[in-house]
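Breakdown of the fold
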Amino acid sequence: MIPVTTFKGRKVALFGLGGSGLATARALVAGGAEVAAWDDNPDSVAKAAAAGIATMDLHGADWPAITALVLSPGVPLTHPKPHWSVDLARQAGVEIIGDVELFVRERRAHAPDCPFIAITGTNGKSTTTALIAHILKTSGRDTQLGGNIGTAVLTLDPPEAGRFYVVECSSYQIDLAPTLDATAGILLNLTPDHLDRHGTMQHYADIKERLVAGSGTAIVGVDDSFSSLVADRVERAGTKVARISRRHALADGIYAEGSQLMRAHGGTAVLVTDLSGIETLRGGHNAQNAAAAVAACLAVGVDEKEIVEGLTTFPGLKHRMQPVARMGEVVFVNDSKATNADAAAPALSSYERIYWIAGGLPKEGGITSLAPFFPKIAKAYLIGEAAPAFAATLGEAVPYEISGTLEKAVAHAAADAARDPQGFAAVMLSPACASFDQYKNFEVRGDAFVGHVAALEGVAMLI
């Protein structure tokens, strides 16, 4: 835990008592703050009270006496309309911040020189965050991994010299972190997302820009127009910018040329490494993630040889294009996190011969957008509620069966792939659907896939 000492002896209101909210309340109390916490969910309030956190309905708080409102990132700050606690804080002139802001203040107070890498972007941020942390750990550095990736940032070990922090930041967290000041800040890409919470694409982009604008080195993907403009603006403002690209050669920066990662300076490019043999970094989207990781690690003083070693041994992010087993020339890939068609596209684009397990609780639009990848699919195995609709979309373009259950789909796909005349093939769970018709969440679905694969005869597990 990181005790929040920067609010010692001061009154702090906290709203939102989910996992990260409860962790934040404990960190504030540990640092000596006087905390009044609340949530619209009575069960969350009861849980906090049972954990020894002082709770009170903030409608009746003495707002002029409160130093700050610490808001959980899932609580609306601006759109579709501010939460009532936000309105009360603003009326009293109370600053509104989140747990990432508390972390950066603690870092400045106790170890301002400890390296801090912050990662954001519409897509790829979790893989990039995990990859950077892996590179740092394999090079022997004291590495703390947290933020939006699933570990509340204030549950990490306290800042101290030589300790490296790798923190994934959502747009919600950035919006609540006005003094975010990473050593290296990464903006991977920008496409429309969370507009219900940010109103417009431009406002969403402006929030994301804050992360790199406040960084010592801004690492920016320049393959979309919004991000490219961000790179230009922060550079004009005096921030050091390292550009990355998965699509274009750069005069200065790190870019992908096929599977090769190139580092360019002054128009001269040198090879960093070839990603072609790294199963966990297949595809153009992962080339961008790797380019960002290389740039960030260089910015915090990691040797290029150490970086390449870390790339080579990256185990992948669980449930996201994760190779889990081999059976001869057949690889089994867990991509359960692909809960819609757009999320399934990167995995389908990364293999040439696929036995595809798809289906579940369907999302709007189905799988029609995946038609360009149909020639790669040797056969589809359809499960869950979406099976009939997916079968209609596949039609005569792709051979398919309605397997119904994941267990049956795995068994049939493995048997067919083992007989594939072309040799190498992938049995891939990339459902393009939510899991809720058959499983509690995508994690449980992915674990079930791994379990069914492990039960196959002759399989060699990779995890």
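Under an unreviewed UniProt entry, the name given to the protein is UDP-N-acetylmuramoylalanine--D-glutamate ligase, and the source organism is Sinorhizobium sojae CCBAU 05684. On record in UniProt, under Subcellular location (unreviewed entry), the comment for the protein is "Cytoplasm". What UniProt states about the protein under its Sequence similarities (unreviewed entry) heading is, verbatim, "Belongs to the MurCDEF family."

1. Notes on the pattern of salt bridges
Following the criterion strictly, the structure yields 21 salt bridges and no others. Between arginine 105 and glutamate 95 there is a salt bridge, with the nearest N and O atoms lying 3.0 Å from each other. With arginine 105 in helix H4 (residues 99-110) and glutamate 95 in strand E4 (residues 95-97), this pair connects stretches of sequence that are 10 residues apart. Among the ionic pairs, aspartate 420 bridges to arginine 353, the shortest N-O distance being 2.7 Å. With aspartate 420 in the loop between helix H14 (406-418) and strand E20 (425-429) and arginine 353 in the loop between helix H12 (341-349) and strand E16 (354-359), the pair connects residues that are 67 residues apart, well separated along the chain. Residue class for aspartate 420 comes out buried when judged on its relative accessible area of 7%.

2. Quick notes on the sheet that holds strand E11 (residues 253-257)
As summarised here, the arrangement of the nine strands in space is E6-E7-E5-E8-E9-E10-E11-E12-E13, forming an open sheet in which the pairing is mixed. Strand pairing shows two members of the sheet lacking a second neighbour, strand E6 (142-147) and strand E13 (268-274), which therefore form its edges. With direction set aside, neighbouring strand axes in the sheet form an average angle of 20°. Where strand E9 (residues 217-221) meets strand E10 (residues 240-245), five bridges bridge the pair, whose relative direction is parallel. Residue isoleucine 219 lies in a different strand from E10, and its bridge partner there is alanine 242.

3. Topic: the packing of aromatic side chains
Per the counting criterion, the structure on display carries three aromatic pairs. The interplanar angle of 75° and the centroid separation of 5.5 Å between the aromatic rings of phenylalanine 15 and tryptophan 84 together place this pair among those described as edge-to-face. Taken together, the residues phenylalanine 15 in strand E1 (residues 11-15) and tryptophan 84 in helix H3 (residues 84-91) connect sequence positions 69 residues apart. Taking the relative accessible area as the measure of exposure, phenylalanine 15 reaches 3% and is therefore buried. Centroid distance phenylalanine 103 to phenylalanine 116: 5.1 Å. Interplanar angle 80°. Geometry classified as edge-to-face. Taken together, the positions of phenylalanine 103 in helix H4 and phenylalanine 116 in strand E5 (residues 116-120) put the pair 13 residues apart, joining distant regions of the chain. Note on accessibility: phenylalanine 103 and phenylalanine 116 belong to one class, buried. By way of ring pairs, the aromatic residues Phe103, Phe116 and Tyr165 are connected into one cluster. Here the basic side chain of arginine 10 rests over the ring of phenylalanine 7, its NZ or CZ set 4.8 Å away from the ring centre. A cation over a ring is seen here: arginine 282 above tyrosine 351, with NZ or CZ 4.2 Å from the ring centre.

4. Section: the packing of helix H5 (residues 125-138) against helix H10 (residues 284-299)
Across the interface, H5 lies against H10 with an axial gap of 9 Å and an inter-helix angle of 45°. Compared by their axis directions, H5 and H10 come out oblique. Considering the relative orientation of H5 and H10, their crossing is right-handed. Taking contact as the criterion, the partners of Thr127, Thr128, Leu131, Ile132, Ile135 and Leu136 in H5 are, on H10, Asn286, Asn289, Ala290, Ala292, Ala293, Ala296 and Cys297. Taken together, the residues of the contact of H5 with H10 sort by class into nine nonpolar, four polar and no charged.

Rules used throughout
Residues numbered from 1 in each chain as written. Predicted model: local features only at pLDDT ≥ 70, side-chain atom pairs only at ≥ 80, totals over all residues. Heavy atoms only, no water. UniProt positions renumbered as here; feature names shortened; annotations may be inferred. Salt bridge = Lys/Arg side-chain N within 4 Å of Asp/Glu carboxyl O. Helix = DSSP H or I, 4+ residues; strand = E, 2+ residues; numbered from the N terminus. Buried < 20%, exposed > 50% of the residue type's maximum accessible area, 1.4 Å probe, protein only. Pairing = 2+ DSSP bridges. Axes fitted to C-alpha atoms, helices over the stretch in contact; angles between N-to-C directions. Phe/Tyr/Trp six-rings, centres within 6.5 Å; stacked < 30°, edge-to-face > 60°. Lys NZ or Arg CZ within 6 Å of the ring centre and 35° of its normal. Parallel < 35°, antiparallel > 145°, perpendicular 65-115°, else oblique. Left-handed = near helix turned anticlockwise from the far one by under 90°. Contact = heavy atoms within 4.5 Å. Nonpolar A, V, L, I, M, F, W, Y, C, P; charged D, E, K, R; others polar.

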